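# Observations on the model geometry
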Amino acid sequence: MASIYIETFGCQMNEADSQYIANRASASGYAVTADAAQATVVVLNTCTVRDNAEKRAYGRMAHFKALKAANPSVKIVVCGCLAEQDRDRMQGKAPYVDAVFGTRDLARLGDALAEWHDAFAEDDEDLTEQRLLVDPLGGRGDCVGDAFAHVRAFVNVQRGCSYYCTYCIVPHVRGRFDNRPIGDILAECRRAIERGAREITLVGQTVNAYAEPASGADFADLLVAVAALDGLDRLTFLTSHPKDYTAKLAATMGALPQLNPRFHLPVQCGSDPILRRMNRKYTVANYRDKIALFRETCPDWALTTDLIVAFPGESDDDFEATLALCDEIGFAQAFMFVYSPRRGTPAALWDQIAPEIGNERLRRLAAVVDRHVRAWHERKRGTVVRALVQGPSRKDPAKIAAKTIDNVTVIAPLGSFSQAELAVRPWIDVRVDEAFTWGCAGELLATAERYDGAARRVDARATIDLIALR
Ligand code: SAH
Ligand code: SF4
Ligand code: F3S
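Heads up: these notes are all about the structure in this document. All residue numbers refer to positions counted from 1 along the written sequence of the respective chain. Lettering of chains starts at A and numbering of ligands starts at 1, both following the order in which they are written. Note on the predicted model: pLDDT of at least 70 is required for a residue's local features to be given, and 80 or more for side-chain atom pairs to be given and counted; whole-chain, interface and lining totals, by contrast, use all residues. Heavy atoms from the whole structure form the basis of all side-chain values; hydrogens and water molecules are not counted.

### Structural notes on the site of ligand 2
The nearness test applies per residue and asks whether one of its heavy atoms lies within 4 Å of the molecule or strand. Near ligand 2 the following residues occur: C161, Y163, Y164, C165, Y167, C168, V170, P171, Q205, T206, H241 and R280. Ten residue types, Ala, Val, Leu, Ile, Met, Phe, Trp, Tyr, Cys and Pro, are classed as nonpolar, four, Asp, Glu, Lys and Arg, as charged, and the remainder, Gly among them, as polar. Along the lines of polarity and charge, the residues of the shell around ligand 2 split into 8 nonpolar, 3 polar and 1 charged.

### A short note on the layout of surface pockets
Approximately 740 Å³ is the volume found for the second largest pocket. Put plainly, a pocket is an open set of points on a 1 Å grid over the protein atoms alone with protein on both sides within 12 Å along at least five of seven lines, a cavity is a set where a 1.4 Å probe fits but cannot get out, and a lining residue has an atom within 4 Å of a point. What lines the second largest pocket is a set of 35 residues, and nearest its centre among them are A16, Q19, Y20, N23 and E188. Elements are defined by DSSP. Helices are runs of H or I of four residues or more, strands are runs of E of two residues or more, and each kind is numbered from the N terminus. Among the elements that take part in the lining of the second largest pocket, helix α1 (residues 12-27) stands out by supplying 8 residues, more than any other. By residue class, the composition of the lining of the second largest pocket is 14 nonpolar, 8 polar and 13 charged. Grid points are joined across faces, edges and corners, and a volume is the space filled by probe spheres set on the points.

### Describing the pattern of salt bridges
A side-chain nitrogen of Lys or Arg and a carboxyl oxygen of Asp or Glu constitute a salt bridge if their distance falls within 4 Å. Inspection of every chain in the model, using the stated rule, returns 35 salt bridges. A salt bridge links E54 to R342; the nearest nitrogen and oxygen atoms lie 2.8 Å apart. Here E54, found in helix α2 (residues 51-70), pairs with R342, found in the loop between β14 (333-338) and α14 (355-378); they are 288 residues apart in sequence, far enough to count as distant. Only protein chains enter the accessibility calculation, which uses a 1.4 Å probe; a residue is then buried when its area is under 20% of its type maximum, exposed when over 50%, and partly exposed in between. Overall, E54 belongs to the buried group, its relative accessible area being 6%. Note on R342: relative accessible area 3%, which makes it buried. Here D86 makes a salt bridge to R89, at a shortest N to O gap of 3.2 Å. Looking at R89, the relative accessible area reads 35%, which means it is partly exposed.

### Examining the packing of helix α8 (residues 182-194) against helix α9 (residues 219-227)
Inter-axis angles, ranging from 0 to 180 degrees, are taken between N-to-C directions of lines fitted to C-alpha atoms, where helices are fitted over the stretch in contact. As a packed pair, α8 and α9 sit with axes 10 Å apart at the nearest point and diverge in direction by 35°. As α8 runs across α9, the sense of the crossing is right-handed. The residues of α9 that touch α8, namely those facing I182, I185, L186 and C189, are L222, A225 and V226. Here the contact of α8 with α9 is built from residues that sort into 7 nonpolar, no polar and no charged. Two helices cross in a left-handed way if the nearer one is turned anticlockwise from the farther one by less than a right angle. They cross in a right-handed way if the turn is clockwise. In what follows, residue pairs with any heavy atoms lying within 4.5 Å of each other are defined as contacts.

### Points about unusual backbone geometry
A cis amide bond links L238 with the next residue in sequence, T239, at an omega value of -10°. Looking at the secondary structure, you find T239 in the loop between β11 (234-238) and α10 (247-255). Here the phi dihedral of N279 falls at roughly 65°; this positive angle occurs in a residue that is not glycine. Of note in the backbone geometry, K281 takes a positive phi value of approximately 70° without being a glycine. Take K281: its relative accessible area is 37%, and that puts it in the partly exposed class.

### Here we look at the sheet that holds strand β12 (residues 262-264)
Each strand in a sheet pairs with another by means of backbone hydrogen bonds, the pair being arranged parallel or else antiparallel. Pairing in this open sheet of 3 strands is parallel, and the strands run β12-β13-β14 from one edge to the other. The open sheet has two edge strands with one neighbour each: β12 and β14. The mean angle between the axes of side-by-side strands here comes to 15°, regardless of whether they run parallel or antiparallel. When strand β13 (residues 302-309) meets β14, the two strands line up parallel, connected through 6 bridges. Its bridge partner being in β14, T304 is matched across the sheet by Q333. Against the sheet, helix α12 (residues 284-297) makes contact with β12 and β13, and its axis sits at roughly 160° relative to β13, the strand it touches most. If DSSP finds at least two bridges between two strands, the strands pair.

### Comments concerning the side chain of N260
Position of N260 relative to the elements: it lies in the loop between α10 and β12. Polar contact is the term for a pair of N or O atoms within 3.5 Å; when the atoms are in protein, one must be able to donate a hydrogen and the other to accept it, and sequence-neighboring residues count only if both atoms are side-chain atoms. At a separation of 2.8 Å, a polar atom in the side chain of N260 contacts the side chain of R234. Beyond its immediate sequence surroundings of up to four residues, N260 is in contact with E199, R234, L235, T236, W301 and I405.

### As for the environment of T201
With respect to the helices and strands, T201 occurs in strand β10 (residues 199-203). When the C-alpha positions of T201 and E421 are compared, they lie 24 Å apart, and in sequence the two are 220 residues distant. Dropping the residues within four chain positions of it, T201 is found in contact with A153, F154, V155, T236, F237 and L238.

Laid out in structure tokens, this is it:
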């Protein structure tokens, strides 16, 4: 049987696109596999937001070349943002790649899969043994086909970005804003719920700038409409831009119980001159005001952010201001990056800061941020949290990893629970015994089918088993 393996790098845009590809492939008769060595088509959905994302994608392509060597009929497909950026030179850099689809060619990729399927059906032989040459691990991205893939759905509400931050490649590879009609978004959310999604993430690069072209409905209106869907378990959204965080949205967020209590609001840096040169469209004072509004309407929510250090022109004082802001706000999580010049963006042409300085600033920033992250996790110690399963822990497959609704990783030994049970009852209750910077660890007590559903405890299951034995 023809099968497809899809590996995803980058942000939720790509997650959403990979789910689209998986759905199109299933509809054409492919099995979606989590094992590249079994696949007749390997899809790499790439990112190019920083130089290391680009390097990693080329590394993965070279890695998959072995599949092709073992079985020339395997097709290697590259799509996503790097494919868009390097469309013309990819064939030169990686000649074994069979097809390259840019970010606007997803529907064409779906069509091509359908066409290829018939050819694969005629040539159906299993070359698995030869293909085991390929190491299934080793720096891979997320893949769509695992046992828990259905529990999370990423629904695009807006493609592209028109904000043109001076460091950012996204508008160049994804194009300008394109908001989808609410009817289409709701239909896709309904399909995701039917397929068993327990958490829907509405995604867009500045998702809270959403406006429906025809009706003028805004993002708060969209949230209300999605939250009202029958069968919806949990709802969340990524990524918001500070400029578009309004009092109406703040009030709506505080009023919708289906929303996960977490808000990602990238600040990037804590100094006005740098924010201006980044073209972020807000000042530090604006950002503080938004946070005050947020804390008032959504108390106890996790606030998370993105930060860039060593942006061209960042002085010691600018950097100290970022440190101070992070210490003042105390983010529950922050993604921190050293500025990485991207071809074709304005900041790439400016005077650059030496990498050693960038790395040193990143280290100092992480020390401040991590203290607050750890404290957020410490608050959970001794409590029982309900978290949505992700999959076996990468470090120890006897443990299961899950995410709380405020997006904290929790890990617990699987014990007598089975993965098959968790695929059906994907909410797990974990008693948190330990807190770390990366998340929490504890004991798995029970499972539930729905976020607000009844917990089934391990001892209750043991009783049922005993009754069955009599
Ligand atoms: N649309 C989102 C972020 C998209 S990219 C927003 O506006 O916040 C995700 C994060 O990558 C950004 O928030 C930024 O912190 C980081 N990033 C983007 N381009 C970068 C670059 N050239 N160098 C380093 N970090 C970058
Ligand atoms: Fe990039 Fe800025 Fe658009 Fe975010 S808002 S995607 S950082 S250009
Ligand atoms: Fe990367 Fe493209 Fe997202 S560049 S961060 S995958 S929009």
